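One letter stands for each residue in the lines below.
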Amino acid sequence: MDVQDSVRDAVVPEKLWENLLRKYKEAWDWYEKWVRQHPETVSNVERTFRIVSYLLSGAGDDDQVLAELVFSLSNLLVFFNDGILRRASSIFRTQLSLSQQQLMRWLTVIDHVEVFVELAAARMWGEIGRWVVIAIIQLMRSLLRLFLLYRYKAGIQPNPPFPPLNREKVVKTQEQENSMSSPQRGKSQLETKENRLESTNAAGDNKPEVTFVGQRSGRIVRTLKSAPDLTQRTWKLPNTQEKDPEDVPVENLLPSELLGLPLTGECIHISRPLAHLAALLLWGQYSWKPWLLSFTLDVASIKLLDQSTQYNRQEKAELKKRTFLLLFYLLRSPCFDKYTRTRLLGMMEKFGNTVPGMGFIMKSMMEYLPVWQRIYFYTWSH
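Right, let's walk through the structure included here.

Criteria and cut-off values
- Residues numbered from 1 in each chain as written.
- Predicted model: local features only at pLDDT ≥ 70, side-chain atom pairs only at ≥ 80, totals over all residues.
- Heavy atoms only, no water.
- Salt bridge = Lys/Arg side-chain N within 4 Å of Asp/Glu carboxyl O.
- Helix = DSSP H or I, 4+ residues; strand = E, 2+ residues; numbered from the N terminus.
- Expected span 1.5 Å × (residues − 1).
- Buried < 20%, exposed > 50% of the residue type's maximum accessible area, 1.4 Å probe, protein only.
- Arc of directions from axis to C-beta.
- Contact = heavy atoms within 4.5 Å.
- Polar contact = N/O pair within 3.5 Å; in protein donor to acceptor, adjacent residues only side chain to side chain.
- Phe/Tyr/Trp six-rings, centres within 6.5 Å; stacked < 30°, edge-to-face > 60°.

**A closer look at the pattern of salt bridges**
Logical step 1: For the structure shown, the criterion picks out 10 salt bridges.
Logical step 2: Between Asp29 and Lys25 there is a salt bridge, and its shortest N-O distance comes to 3.3 Å. Placement of the pair is Asp29 and Lys25 together in helix α1 (residues 2–37), with a separation of 4 residues, close to one helical turn.
Logical step 3: Members of the salt-bridge network, linked through shared partners, are Asp111, Glu114 and Arg141.

Following this line, the structure appears as C-alpha cells:
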C-alpha cells in the first residue's frame, strides 16, 4: 500500500503540471489568434492603458511610481503585440539572426522599463541606490550595443531597436490578402515573381534588371543574365541596385556596415552615457563639465557618422533624430536650472493666459515639468 500511495502521489502532480501546460498553450494560441484578427481593438486597449498612466502621473508625486509602472506595462504590451503581428504578417521578412533579434528585444525591454526601475530604486534605496541602478542599466545597454555593433555589424542602431509597428499597414495588408481567394492569390504571387524576373524596368527603359527580390526570403539576388565573367565575379551586389524602396518595411532593411570614422562615431555615441556618469561622479551633478563633455561627444559622434552616406532609410532617420535631440541639452542640468527653466515656464504661462482653453493644460505641464526634468532616463537616456 505504501508503494502504491507513493506512486499515486508522484503521478498526481505530474498530471496537474501537464494540464496547466496544456491550458497555458490553449490560452496563448487563443490570444495570438485574437491579436491577429483584431489589431484595431488591440490598439484601443493599449491606448487606454497609456491614458490611465497619464491620469495617474497628474495625481501627485506619491503616484509617480505607479504611473510609470502602468506606462511601462503599456509599452511592453505594445511591443509584445507587435511581435505577434510581425510573425503573422507576410510583409515582414527580416534577415537578422535569431540571436541578434533576441539581444535587440532585451534592449527594447530595457528602454521601456528604465524610468520605472529608476523611480522604484529611488523609492526603495534612496538617492545612492538610484544612481547605482542607473549605472548598471547604462552599462548593460552599452555592452549589448557594442556587442551588436562588432559581432553582428548592426550599423547605426535606433532607439529602441524595435520601433513601434505600423498597424495601419498591417491591417491594409490583411485586408488585401483576405479579399483574394486562394487561386487568385496563387496567380497573383506567380505574376509578382515573374515581374521581378523581367529584364526591363517598369518605367519602360531598355536597361535590363540586374537583381531581383526573393519572394519568400526578401533577399536581393543577382540575376543569372547579369552575372559577370567568373574571373571578375564578386559577392557584392551591383551599384545599380543600391536602393532603398519606400514600400519596404524598416524591419526588412539590412544594417549598413560601419568602418573607419563612422564606426568610431557610433562607438562614441554608445559609450557617451558611461562617460557622462563618470564625469558626474568626478565633478558632481551641478558642474558644467559633465554637461559639456556629453555635448561634445554627441556632436563629435554625429560629425563622424556624417562622413558616410551609405545608410538605409531607418539609419538616416536615426541620424536626423540624434541631431534634433541635441536640443535636449537645454532641458538638462545645469543649463535647465540656470537658464532654460525660468524662460520656458514664462513662455508656457504666457501661452496659457493668451490662448483660450489652454490655461489648465499649461498649468498641469508647468507643474509636471520639474518632476519630469529630475528623472535621469527622461532627459539623459538618449
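**Details of helix α8 (residues 288–305)**
Logical step 1: When the terminal C-alpha atoms of α8 are compared, their 26 Å separation across 18 residues agrees well with the 26 Å that a helix rising 1.5 Å per residue should span.
Logical step 2: Those residues of α8 lying buried are Pro290, Trp291, Ser294, Asp298, Ser301, Ile302 and Leu305. Taken down its axis, α8 places every buried residue within 105° of arc, on the same side.
Logical step 3: Buried residues along α8 sit against α7 (261–283), α9 (313–324) and α10 (335–354).
Logical step 4: Between a side-chain oxygen at the N-terminus of α8 and the backbone nitrogen of Lys289 the separation is 3.2 Å; the capping residue is Ser287.

**What about the packing of aromatic side chains?**
Logical step 1: Using the criterion set out here, one finds 17 aromatic pairs in the structure.
Logical step 2: Their ring planes at 70° and their centres at 5.7 Å tell us that Trp131 and Tyr376 sit as a pair that is edge-to-face. In this pair, Trp131 is assigned in helix α4 (residues 98–151) and Tyr376 in helix α12 (residues 376–379), connecting sequence segments 245 residues apart.
Logical step 3: Since its relative accessible area comes to 21%, Trp131 is described here as partly exposed.

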